[in-house]
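Listed here are the chains, written in short residue letters.
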Amino acid sequence: MRIFYYSLICNILNLSSGCKRNCQTPMKMSATLGPLKIIKQKNAVNTGTVIFFHGSGDTGGGILDWVKFLIGDFTSPHLKFLFPTAPLRPYKPLNGEMSHVWFDRYDIVPTVPEHQETLASIDVQIKRLIDGEVANGTALNKIIVGGFSMGGALALHTAYRNVPGLAGAFALSSFLNNESSVYEALQSPSECHATPFIMFHGDHDTLVPSAWGEATYKGLKKQGVNGEFHMTSQKQSSPSYDGKKSFDDFLETTVFTFSILQC
């Protein structure tokens, strides 16, 4: 995980050419989701599902390893946990290099437009994933989506624009663009407004400043969505920023999850 975040920051900051050569890995573009990691419930049937989206450049297996690092092996009597992997696609903030990202960005700042083409593409993939859970017997209002960094942004797009009627959403160190299509979608009455959310953000995050996360929280609240924003002690945008604090945050998110799903 630490190597991945070094590679990400190295490319974003456009450091020495030697650094960039070490960071680059030849990859082939994919139009579909990568490997899916699943933590099954203890009981025969799950009454709820939690879908956790990783950050840019990571994988479902990578973010699952982080969760296990914090809390050890875990399972729930009633909940199934899904950790999908984003497709491989060119990523503009990495000078067009291939990366596991949910959607492309014109830049990692909230003032630019969203990349609508890749958002539309991932919408289809995520809706198909959720539809599969519903087809297997899990009610839509028993499914929670969440994620870290870009994964958190995807969770907000999913809950408040793409798939109305979900149980809840959570986002860790995440933000929406100022003119996000999420805010536009929320201007029309829909089931999305009934979906609560919780956000966590580091107070010294240098890659994704906390002000961006707080602005997202306020933007969602302005549109009538019920949510919470929690500032944490963090010095970098990484899910391994502070083991103890990350552990506390994850537990609070888990409590949020169980309270919504009433498991």
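Residues numbered from 1 in each chain as written. Predicted model: local features only at pLDDT ≥ 70, side-chain atom pairs only at ≥ 80, totals over all residues. Heavy atoms only, no water.

1. Here we look at the overall build of the chain
For the chain, the helix and strand inventory stands at eight helices and nine strands. The buried share of the chain, reckoned over its 263 residues, is 56%. For the chain, the accessible area works out to roughly 11,700 Å², and carbon and sulfur atoms hold 55% of it. (Helix = DSSP H or I, 4+ residues; strand = E, 2+ residues; numbered from the N terminus. Buried < 20%, exposed > 50% of the residue type's maximum accessible area, 1.4 Å probe, protein only. Areas by Shrake-Rupley, 256 points an atom, 1.4 Å probe, with all protein chains shown as cover.)

2. As for the pairing of strand E9 (residues 227–232)
Inspection of the sheet shows strand E8 (residues 197–202) paired to E9 by six bridges, in the parallel sense. Following the sheet pairing, Gly-202 is matched in E9 by Thr-232. (Pairing = 2+ DSSP bridges.)

3. Description of the packing of helix H4 (residues 116–135) against helix H5 (residues 150–162)
Where H4 meets H5, the closest approach of the two axes is 11 Å, and the angle between their N-to-C directions is 80°. With respect to each other, H4 and H5 are oriented roughly perpendicular. Between H4, through Leu-119, Ile-122, Asp-123, Ile-126, Lys-127 and Ile-130, and H5, the contact on the second element is made entirely by Leu-154, His-157, Thr-158, Arg-161 and Asn-162. Taken together, the residues of the contact of H4 with H5 break down into five nonpolar, three polar and three charged. (Axes fitted to C-alpha atoms, helices over the stretch in contact; angles between N-to-C directions. Parallel < 35°, antiparallel > 145°, perpendicular 65-115°, else oblique. Contact = heavy atoms within 4.5 Å. Nonpolar A, V, L, I, M, F, W, Y, C, P; charged D, E, K, R; others polar.)

4. Considering the pairing of strand E3 (residues 79–83)
Here E3 lies mainly inside the structure; five of its five residues are buried. The pairing of strand E1 (residues 37–39) with E3 spans three bridges and is classified as antiparallel. In the strand pairing of E3, Lys-37 is matched with Phe-83. Of the strand pairs in this sheet, strand E2 (residues 48–53) and E3 are connected by four bridges, and their pairing is parallel. Of the residues in E3, the one forming a bridge with Thr-49 is Lys-80. Handedness of the E2-helix H3 (residues 60–71)-E3 crossover: right-handed. (Right-handed = clockwise from strand over helix to strand, strands pointing away.)

5. Remarks on the sheet that holds E2
If you walk across this open sheet you meet the seven strands as E1-E3-E2-E6-E7-E8-E9, and the pairing is mixed. Each edge of the open sheet is held by one strand with a lone partner, namely E1 and E9. Across the sheet, the mean angle from the axis of one strand to that of its neighbour is 15°, orientation sign disregarded. Here five bridges tie E2 to strand E6 (residues 143–148), and the two strands are oriented parallel to one another. Bridge pairing in E6 links Phe-53 to Gly-147. Across the face of the sheet, H3 comes into contact with E1, E2, E3, E6 and strand E7 (168–172) while running at roughly 35° to E1.

6. Describing the packing of aromatic side chains
Per the counting criterion, the structure on display carries nine aromatic pairs. Ring pairs connect the aromatic residues Phe-52, Trp-66, Phe-83 and Phe-170, which therefore count as one cluster. (Phe/Tyr/Trp six-rings, centres within 6.5 Å; stacked < 30°, edge-to-face > 60°.)

7. A word on the environment of Thr-59
On the secondary structure map, Thr-59 appears in the loop between E2 and H3. Owing to a relative accessible area of 28%, Thr-59 belongs among the partly exposed residues under this scheme. In this structure the C-alpha to C-alpha distance between Thr-59 and Ser-99, which are 40 residues apart in sequence, comes to 9.9 Å. Those residues within four positions of Thr-59 in sequence are excluded, and the remaining contacts are His-54, Pro-84, Thr-85 and His-100.

8. Focus on the nonpolar core
Core analysis: the largest hydrophobic core is formed by 43 residues, its most contacted members being Trp-102, Val-145, Tyr-160 and Leu-220. At the level of elements, E2, H4, E6, H5, E7, helix H6 (181–186), E8 and helix H7 (210–222) are the ones that each hand at least two residues to this core. Among the elements that line this core, the one with the most residues is H5, at seven residues. Apart from residues lying up to four places away in sequence, Leu-220 is in contact with Leu-156, Tyr-160, Leu-176, Val-182, Tyr-183, Leu-186, Phe-197 and Val-225. Counting residues in hydrophobic clusters, the runner-up holds 19 residues, among them Phe-74, Phe-81, Phe-83 and Phe-170. (Core = buried A, V, L, I, M, F, W, Y, C linked by side-chain atoms within 4.5 Å.)

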